[in-house]
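Close look at the chain arrangement
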Amino acid sequence: MATTVLDSRIFRDLFGTGAMRAVFSDEALVARYVEVEVALARAEARGGVIPEAAAREIAARASASGIDVERLKQETETVGYPVLPLVRQLAAQCGEAGRWIHWGATTQDIMDSAVVLQMRAALELVEADLAALRELLAGLARRYRDAPMAGRTHLQHALPVTFGYKAAVWLSMFDRHAARLAELRPRVLVVQFAGAAGTLASLGDKGLAVQAALARELGLGVPVITWHVARDALAEAVLFLGLVTGSLGKIALDVMLMMQNELAEAFEPFVHGRGASSTMPQKRNPISCELILAAGKAVRQHCALMLDATVQDFERATGPWHAEWIALPESFVLASGALAQAKFMLGGLIVDESRMRRNLDLTSGLIVAEAAMMALAPHLGRQEAHDVVYDACRSAAETGRSLGVVLGSLPAVTKHLSARQIEEAVDPVRYLGAAPEMVDRMLRER
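It should be emphasised that the depicted structure is a prediction, and the values quoted were computed from it without experimental measurement.

**Observations regarding the pairing of strand β1 (residues 148-153)**
In this sheet, strand β2 (residues 156-162) lies alongside β1 in antiparallel orientation, the contact comprising 5 bridges. Across the sheet, Ala-150 pairs through a bridge with Pro-160, a residue of β2. Between β1 and β2, which pair antiparallel in sequence order, lie 2 residues; one of them, His-154, sits at a positive phi of approximately 55 degrees.

**Describing the packing of helix α11 (residues 287-308) against helix α12 (residues 320-347)**
At their nearest, the axes of α11 and α12 sit 9 Å apart, and the two run at 155 degrees to each other. Our classification of the angle between α11 and α12 gives roughly antiparallel. Where α11 crosses over α12, the handedness of that crossing is left-handed. Per-class residue counts for the contact of α11 with α12 are 18 nonpolar, 4 polar and 2 charged.

**Comments concerning the packing of aromatic side chains**
By the definition in use, this model includes 7 aromatic pairs. Here Tyr-81 and Trp-325 contribute two aromatic rings whose centre-to-centre distance is 6.1 Å and whose plane-to-plane angle is 75 degrees, an arrangement assigned as edge-to-face. Linking Tyr-81 in the loop between α5 (69-79) and α6 (83-93) with Trp-325 in helix α12, this pair joins segments that are 244 residues apart in sequence. With 5.2 Å between their ring centres and 80 degrees between their planes, Trp-321 and Trp-325 make a pair best called edge-to-face.

**Re the layout of surface pockets**
Quantified by volume, the largest pocket comes out at close to 1,000 Å³. Elements represented by at least two residues in the lining of the largest pocket include exactly α3 (26-46), α5, α7 (107-143) and α12. Considering each element in turn, the lining of the largest pocket owes the most residues, 8 residues, to α12. In terms of residue class, the lining of the largest pocket is built from 17 nonpolar, 4 polar and 10 charged.

**Some remarks on the nonpolar core**
Trp-170 and Phe-332 are the most contacted members of the largest nonpolar core, which has 117 residues in total. No other element matches α7, which puts 16 residues into this core. Every residue in contact with Trp-170, bar those within four places of it in the chain, is listed here: Leu-137, Phe-163, Lys-250, Ile-251, Asp-254, Val-255, Met-258 and Leu-346. In terms of nonpolar packing, the next biggest core, distinct from the first, is built from 24 residues, Val-368, Ala-372, Ala-392 and Cys-393 among them.

**What about unusual backbone geometry?**
Even without glycine at this site, Leu-155 takes up a positive phi of about 65 degrees. For Leu-155, the position within the fold is in the loop between β1 and β2. With a phi close to 50 degrees, Ala-264 is a non-glycine residue in the positive phi region. Structurally, Ala-264 is set in the loop between α10 (232-258) and β3 (266-267). Take Ala-264: its relative accessible area is 11%, and that puts it in the buried class.

Cut-off values and rules
Residues numbered from 1 in each chain as written. Predicted model: local features only at pLDDT ≥ 70, side-chain atom pairs only at ≥ 80, totals over all residues. Heavy atoms only, no water. Pairing = 2+ DSSP bridges. Helix = DSSP H or I, 4+ residues; strand = E, 2+ residues; numbered from the N terminus. Axes fitted to C-alpha atoms, helices over the stretch in contact; angles between N-to-C directions. Parallel < 35°, antiparallel > 145°, perpendicular 65-115°, else oblique. Left-handed = near helix turned anticlockwise from the far one by under 90°. Nonpolar A, V, L, I, M, F, W, Y, C, P; charged D, E, K, R; others polar. Phe/Tyr/Trp six-rings, centres within 6.5 Å; stacked < 30°, edge-to-face > 60°. 1 Å grid on protein atoms, 1.4 Å probe; cavity = no way out; pocket = protein on both sides within 12 Å on 5 of 7 lines; lining within 4 Å. Points joined across faces, edges and corners; volume = space filled by probe spheres on them. Core = buried A, V, L, I, M, F, W, Y, C linked by side-chain atoms within 4.5 Å. Buried < 20%, exposed > 50% of the residue type's maximum accessible area, 1.4 Å probe, protein only. Contact = heavy atoms within 4.5 Å.

Shown next, in the form of structure tokens:
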């Protein structure tokens, strides 16, 4: 029975993807547990800890598909953890060789290593989504490099920018996220094998060699020291997802605002019926944007939970570890959903350049008041030029005249600027600054 949007057959593909859910499914998790146990047997046989014949038998007979999941569920509810019940079933599967399963390991070794394997697969999915998203954003930046529009601060017209510049700013965040992902992998993708209190005491002088061999078997890194209660790396992975979904939320909020009827500058892709209202036929709601924002809020809540879970007692925690079981898989699923929505939205984004230009001219030149001030400043000084243009802006707003007309009526201005200079000063397209060149640099250096 589904109880959340993450497992609901109705909502789950709005908030996640099938590929990411598969990574964190019960079936996948049990398979990872078995994978770790089999790899441990091989590593220990290679180090002379258990018989090689036993390891071969374990590898041949241990089967995730042969696990009685209902029995595993019931026994997990009694024990509190799934590994002991799982080991019992694996031991039965492997016959005499089963006595060597889980040799020298503790429950958290198996569970942590399995989660790391899940995260490795999950991060590969995230990486692919980031790559696709970056290409979409680069395409928007390139295509609209010179498309002028109103830049806005405090939700009001500020100075002209280009839509390509805006897209390049979005792109810059995701280029940094790609770099962050590459940097965090070596810290996150490390094996956990340390025994009851993290010292590998049960394996004597062979413990570290077995740990390294297990890491090789699983294709993971070797930790410098046990991380049973040092959970910063797992927290970092979820915080990374918080950054990614935060950046997605910034894009979603921009697009959502641009979809307003009053702006009408950009729109999510048109799909018949998408964003429709049950009572208002004219509606075209920003569905992808809304879903991205909601998923990001949930991931940020899980970031707080993962940070809280880093505060653990002594050598094995009494509860914070369990919080990770909630936060980590849900964060990856929610992030995958937000990324999927962003790829859909940006892949078919409808950009209305003519409406952007009309909005740019909405204030009849007021948006380039700074340009007028800078044109006057060499003659009057910056502060006096500011005051002259400030008063001109107030007059333009109150009378409905354009800024250029008002400036052209002021002796303090016409004494120093010709009619042509005034006209050029209040032309928004002539005041884009280095925005187009910044787009070029962004595309060149990525």
